[in-house]
Amino acid sequence: MLNLSRCPTTAYQAIAAQLEQELCNNYRCGEYLPSEKQLAERYAVNRHTLRRAVDELVEKGLVQRRQGVGILVLMRPYSYPLASQARFSQNLMEQGSHPTSERLLAVLRPCNAEIAAALARKEGEEVIHLRTLRRVNGVPICIINHYFADLRWWPTLQQFDSGSLHDFMRRELALDLVRKQTRITACRAQAKESRLLEAALHSPLLCVRTLNHCAGSGQLAEYSVSLTRADMIELTLEH
């Protein structure tokens, strides 16, 4: 039992310390704490004292207040291995989380120099462009731009709307994609990313550029560029 029969300053520090311990033991990144009202009732303190305790966690980068939603847990990011056949959804489900993915965009577009170089095409040639948004436990964590050079896949890929894109391709196109190259850089969330990821403007993102080949044939299949909240995902390199 937490002893709060002390001065208000000591009380909020004691509450902050216990909440931090609870975060380590009982919560995962992307989950929410009880409301400030519920926490104040639990510790039998006023809302002001409880708010100061939460402020301590906010300053440490452990939680984030989300207006009209609650107190989001930021610590203990999800681990995602960068092995050749790592499956994002399967990996997170094994960690006890609920990942989802939704299509934001599906178009044919002329490729720029970066995409052309990655897919061994000429600049200006048409490629398939899909954009997806991934969530974990309802919290958006990643925007992915997928580019495909084989236009024969376009009629089928237009039908994708949610779930795992690679599972969809395996099921509908009999294609199994294998990661061949991964490049990781850092960037900051601009206005569009900030809105879609519900993150602060200019917050840190991991930019992961990936080349995927078709298993067996070795055919170059996909170039993807993902922007992931750096506070939500921990990339693991497997050797």
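In case you missed it, the structure is sitting above this.
These lines cover the structure that appears in this document, whether it is placed above or below.

The rules behind each value
- Residues numbered from 1 in each chain as written.
- Predicted model: local features only at pLDDT ≥ 70, side-chain atom pairs only at ≥ 80, totals over all residues.
- Heavy atoms only, no water.
- Pairing = 2+ DSSP bridges.
- Helix = DSSP H or I, 4+ residues; strand = E, 2+ residues; numbered from the N terminus.
- Axes fitted to C-alpha atoms, helices over the stretch in contact; angles between N-to-C directions.
- Contact = heavy atoms within 4.5 Å.
- Parallel < 35°, antiparallel > 145°, perpendicular 65-115°, else oblique.
- Nonpolar A, V, L, I, M, F, W, Y, C, P; charged D, E, K, R; others polar.
- Buried < 20%, exposed > 50% of the residue type's maximum accessible area, 1.4 Å probe, protein only.
- Arc of directions from axis to C-beta.

Looking now at the sheet that holds strand β6 (residues 139-148). One open sheet holds the 6 strands; their spatial order is β4-β5-β6-β9-β8-β7, and the pairing between them is antiparallel. Each edge of the sheet is formed by a strand with only one pairing partner; in this case those strands are β4 (99-110) and β7 (177-188). Strand after strand, the sheet turns through a mean of 20 degrees between neighbouring axes, direction not considered. With 7 bridges connecting them, β6 and strand β9 (residues 220-229) associate as antiparallel partners. Across the sheet, residue Tyr147 finds its bridge partner in β9, namely Tyr223. Sheet contacts for helix α7 (residues 165-172): β5 (126-136), β6, β7, β8 (204-214) and β9; angle to β6, the most-contacted strand, approximately 45 degrees.

It is at 9 Å that the axes of helix α2 (residues 36-43) and helix α3 (residues 47-59) come closest, and there the two elements cross at 110 degrees. Taken together, α2 and α3 sit at an angle that is classed as roughly perpendicular. Taking contact as the criterion, the partners of Glu36, Lys37, Leu39, Ala40 and Tyr43 in α2 are, on α3, Arg47, Leu50, Arg51 and Val54. Residue composition of the contact of α2 with α3, by class: 5 nonpolar, no polar and 4 charged.

Residues spaced three or four apart along an α-helix point in a common direction, a consequence of the helix completing one turn every 3.6 residues. When α7 is considered as a whole, its buried residues turn out to be Leu165, Phe168 and Met169. Buried residues of α7, viewed axially, fall in a sector of 100 degrees; they line one side. The inward-facing, buried residues of α7 contact β5, β6, α6 (154-157) and β7. One or two steps after α7, the chain reaches Ala174, where phi turns positive at roughly 55 degrees.

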